[in-house]
Each structure stands twice: as C-alpha cells, then as structure tokens.
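Residues per chain, in single letters:
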Amino acid sequence: MRDMSKWPIQLSDFTESMDEYSRELSKLFELLMEVLSRDLDLESENSLNESVGGERKGLHIRINYYPPCPQPDLVVGLAPHSDPNVLTILLHDQTPGLQIRKNGAWIDVQCVPGALVVNIADQMEILSNGKFKSIEHRGVVHKDRSRMSWAVFCSPPRDVLVSPKRELIDEQHPPLYQGASYGEYLTKFFKKGLDGKGHIHDAKQQDSLVSNS
Ligand code: OGA
Ligand code: NI
C-alpha cells in the first residue's frame, strides 16, 4: 500500500529506516501473536496470525507530534480511545505523555529508553472473546517539552471477518462479540471518531451486555 511519491525526500535515510523498522516489527508482531496464542491455549501457535490474514496483515504507522503547551491542563493531546486494530507497537521519546486507564484512573506510561510499548487493541479483544481487553489510552501534552511517538498499528486486511475464536467458545463461554469484517469495524471507527472504549462496546452481543458491560 506504500505510495512513495508522498514520502519525504529531504530526509535521506527515512525510507530505508522505515523499511527496516517495518520488517523488524512485522516479525515481532508475529512472535507476539504466537505467544498470545499459547496464552489462550489455542491448538496451534499460528492460530492468531492466521486469524488476521497471515502474510496479508497490514502495518500502518502514525507519527504523532505534540508541541509544548503552556497550559497542558486545558488541552487534549489525543482523546481517550482504544485502538481499532489487533496490536499496536509504540515507540516514544523521553517526554512523558501516554496514559492508560486502569480502574477508572489515568496512569502514566513510563519512558524506558529503547523499550517498545505494546497495546492490546480491539480486534484482539474480539478474537480472544474478552480474555484480553483492549487498553483505553490517551495522549497529554507537556508544559515546556515537545513529544513524539511512532505508533505502528498491526491489522487484518479489511476483508477479513474477525469474530471470537471458535476454540474459545462453549456452553459456559458464549461469544461475547458480533463478528464483522475489519473494514466494517474501521469504517464505523472513523465515522464516529475516538470514543473511549465505545466502539468495542458497540461490537458486543446485545444479550452479553447484561452480564458483561
Ligand atoms: C495513537 C496513540 C499515543 C501516543 O496514535 O493511536 O494512541 O503516545 N498514540 O502518541
Ligand atoms: Ni492509540
């Protein structure tokens, strides 16, 4: 899906660096999916990779730039949301700003040099039938420092139907989410915009909402 005509030409090593980074992250993503398949006790460690289209999966990068802001309390950097894709692998600089929501409270994600942050995103919550919950997060701005982050969104292709893994469903564990193609999910996501965990809530089966909202 790369359209090289839109890439910056002034930064001589940008294309090469991005190319290498995406190849390495593709491998890391596949490895994480194997580990998570094992955690879910799925029959094959390729199970989750297969569910997101295997080699056809997509990696999309968003490079966020947050300028300094003298009144950070009055400004939203990036509104609360969970990511719509499967897993997000994020690299950020040494200015804090990423926060996750845990038990209602916002918690700073530490800036550890050289470390990547991995977010569980909505399609993983659906595939795992709610065993892994997508993480709600937001970006806040800093009083006198700018901040940059590089978020890589690992996603199924748009035509892939994502629903809870059949192996995880039995009488005690009914499917908690409606299946939808990733394209349908994404279209709704961009239509409504960032909305906390609203999108994954909308994907829940109506009869599961009573016990599992
Ligand atoms: C995102 C995101 C967080 C950050 O781009 O979806 O959540 O730290 N970014 O910039
Ligand atoms: Ni995000």
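Above this text you will find the structure in question.
Numbers given to residues run from 1 along each chain, matching the order in which its sequence is written. Starting at A for chains and at 1 for ligands, labels are handed out in the order in which the entities are written. Totals for whole chains, interfaces and linings use every residue, but because this is a predicted model, local features are given only for residues with pLDDT of at least 70 and side-chain atom pairs only at 80 or more, for both listing and counting. Think of the side-chain values as coming from all heavy atoms in the structure, minus any hydrogens and water.

**Topic: the overall build of the protein**
The condition that has to hold: Secondary structure is summarised from DSSP: a helix means a run of H or I of at least four residues, a strand means a run of E of at least two, and numbering begins at the N terminus for each. Using C-alpha atoms as the atom set, the radius of gyration is obtained and then compared with a globule rule of 2.2 Å times the number of residues to the power 0.38. Throughout, exposure labels follow a simple rule: accessible area from a 1.4 Å probe, protein chains only, divided by the maximum for the residue type, with under 20% read as buried, over 50% as exposed, and the rest as partly exposed. Note on areas: these come from Shrake-Rupley sampling with a 1.4 Å probe, and a residue is covered only by the protein chains present in the view. For this count, His and the chain ends are skipped, Lys and Arg are scored as positive, and Asp and Glu as negative. Here the site of a charge means atom NZ of a Lys, CZ of an Arg, CG of an Asp or CD of a Glu.
Of regular secondary structure, the protein possesses 6 helices and 10 strands. Taking 213 residues into account, the globule formula puts the C-alpha radius of gyration at 17 Å, and the protein, at 18 Å, falls close to it. Taken over the C-alpha atoms alone, the protein extends approximately 55 × 40 × 30 Å along its principal axes. Buried positions account for 41% of the 213 residues belonging to the protein. Accessible area of the protein: about 12300 Å², with a carbon and sulfur share of 53%. With 24 positive and 30 negative side-chain charges, the protein shows a spacing of 5 Å between the two charge centroids.

**Some remarks on the coordination of the nickel ion (ligand 2)**
Put simply, the rule is: Donor atoms (N, O, S) are those found within 2.8 Å of the metal centre, with the cutoff raised to 3.2 Å for Na, K and Ca; water is not part of the atom list, so apparent gaps in a site can occur.
Only His-81 (NE2), Asp-83 (OD) and His-137 (NE2) from the protein reach the nickel ion (ligand 2) as donors, at distances of 2.1 Å. Sequence spacing of the donor residues for the nickel ion (ligand 2), all on one chain, is H-x1-D-x53-H. Taken together, the positions of His-81 in strand S2 (residues 78–81) and His-137 in strand S7 (residues 137–139) put the pair 56 residues apart, joining distant regions of the chain. For His-81, a relative accessible area of 3% puts it in the buried group.

**Observations concerning the nonpolar core**
We apply this condition: Only buried Ala, Val, Leu, Ile, Met, Phe, Trp, Tyr and Cys residues count toward a nonpolar core, and they belong to the same one when joined by side-chain atoms within 4.5 Å. In what follows, residue pairs with any heavy atoms lying within 4.5 Å of each other are defined as contacts.
Formed by 25 residues in total, the largest nonpolar core has its most connected members in Phe-29, Met-33, Leu-48, Val-86, Leu-87, Met-124 and Ile-126. Elements represented by at least two residues in this core include exactly helix H1 (14–39), strand S3 (87–92), helix H3 (122–127) and strand S8 (147–155). When residues of this core are assigned to their parent elements, the largest contribution, 4 residues, is made by H1. Apart from the residues lying within four places of it in its own chain, the contact partners of Ile-126 are Val-162, Ser-163, Pro-164, Tyr-177, Tyr-185, Ile-200 and Ala-203.

**Thoughts on the site of ligand 1**
We apply this condition: When at least one non-hydrogen atom of a residue lies within 4 Å of a molecule or strand, that residue is treated as near it. N or O atoms closer than or at 3.5 Å make up a polar contact, with two conditions inside protein: a donor-capable atom paired with an acceptor-capable one, and, for residues adjacent in sequence, both atoms drawn from side chains.
Neighbouring ligand 1 are 13 residues, the closest being Arg-62, Tyr-66, His-137, Arg-147 and Ser-149. Within the side chain of His-137, one N or O atom sits 2.8 Å away from an oxygen atom of ligand 1. Note that an oxygen atom of ligand 1 is positioned 2.9 Å from one of the side-chain N or O atoms of Arg-147. A total of 290 Å² of accessible area belongs to ligand 1 in isolation, and the protein chains cover 99% of it. Taken together, the elements giving at least two residues each to the shell around ligand 1 come down to strand S1 (58–66), S2 and S8. If one sorts the elements of the shell around ligand 1 by residue count, S8 sits on top with 4 residues.

**Comments concerning helix H4 (residues 182–192)**
This is how the line gets drawn: Think of it as the arc spanned by the lines of direction from the helix axis to the C-beta atoms.
Within H4, the full set of buried residues consists of Tyr-182, Gly-183, Tyr-185, Leu-186 and Phe-189. The buried residues of H4 all sit within an arc of 160 degrees when viewed along its axis, so they share a single face. Residues Lys-188 and Lys-191 are exposed on H4 and point more than 90 degrees away from its buried face. Close packing links the buried residues of H4 with H3, S8, strand S10 (180–181) and helix H5 (198–202). Following H4 by one or two positions, Gly-193 adopts a phi angle in the positive range, close to 85 degrees.

**As for the state of the cysteines**
For clarity, the threshold we go by: We call a pair of cysteine sulfur atoms a disulfide whenever their separation is within 2.5 Å.
Under the defined criterion, the tally for this structure stands at 0 disulfides. Here Cys-69 stays unpaired: no disulfide links it, and the sulfur of Cys-111, its closest cysteine neighbor, is 18 Å away.

**Looking at the side chain of Asn-85**
Among the secondary structure elements, Asn-85 is positioned in the loop between S2 and S3. A distance of 2.9 Å separates a polar atom in the side chain of Asn-85 from the backbone oxygen of Leu-87. Once residues lying within four places of it in the same chain are set aside, the contact partners of Asn-85 are Ala-121, Asp-122, Gln-123, Met-124, Phe-153, Cys-154, Ser-155 and Tyr-182.

**Let's talk about the environment of Pro-84**
With respect to the secondary-structure elements, Pro-84 resides in the loop between S2 and S3. Remark: the alpha-carbon pair of Pro-84 and Ser-134, spanning 50 residues in sequence, is separated by 8.9 Å. With near-sequence residues (within four places) excluded, Pro-84 lies in contact with Asp-122, Gln-123, Tyr-182, Tyr-185, Leu-186 and Phe-189.

**Considering the pattern of salt bridges**
Heads up, the rule is: Salt bridge, as used here: a side-chain nitrogen of Lys or Arg that lies within 4 Å of a carboxyl oxygen of Asp or Glu.
For the coordinates displayed, the defined rule picks out 11 salt bridges. For Asp-159, the salt bridge identified is with Arg-56, shortest N-O distance 2.8 Å. Residue Asp-159 is located in the loop between S8 and strand S9 (161–162), and its partner Arg-56 is located in the loop between helix H2 (47–51) and S1; the two are separated by 103 residues in the primary sequence. With a relative accessible area of 54%, Asp-159 lands in the exposed category. With a relative accessible area of 48%, Arg-56 lands in the partly exposed category. Counted as one network, the salt bridges with shared partners bring together Lys-192, Asp-195 and Asp-202.

Keep in mind that these numbers describe shape and distance, not what the molecule does.
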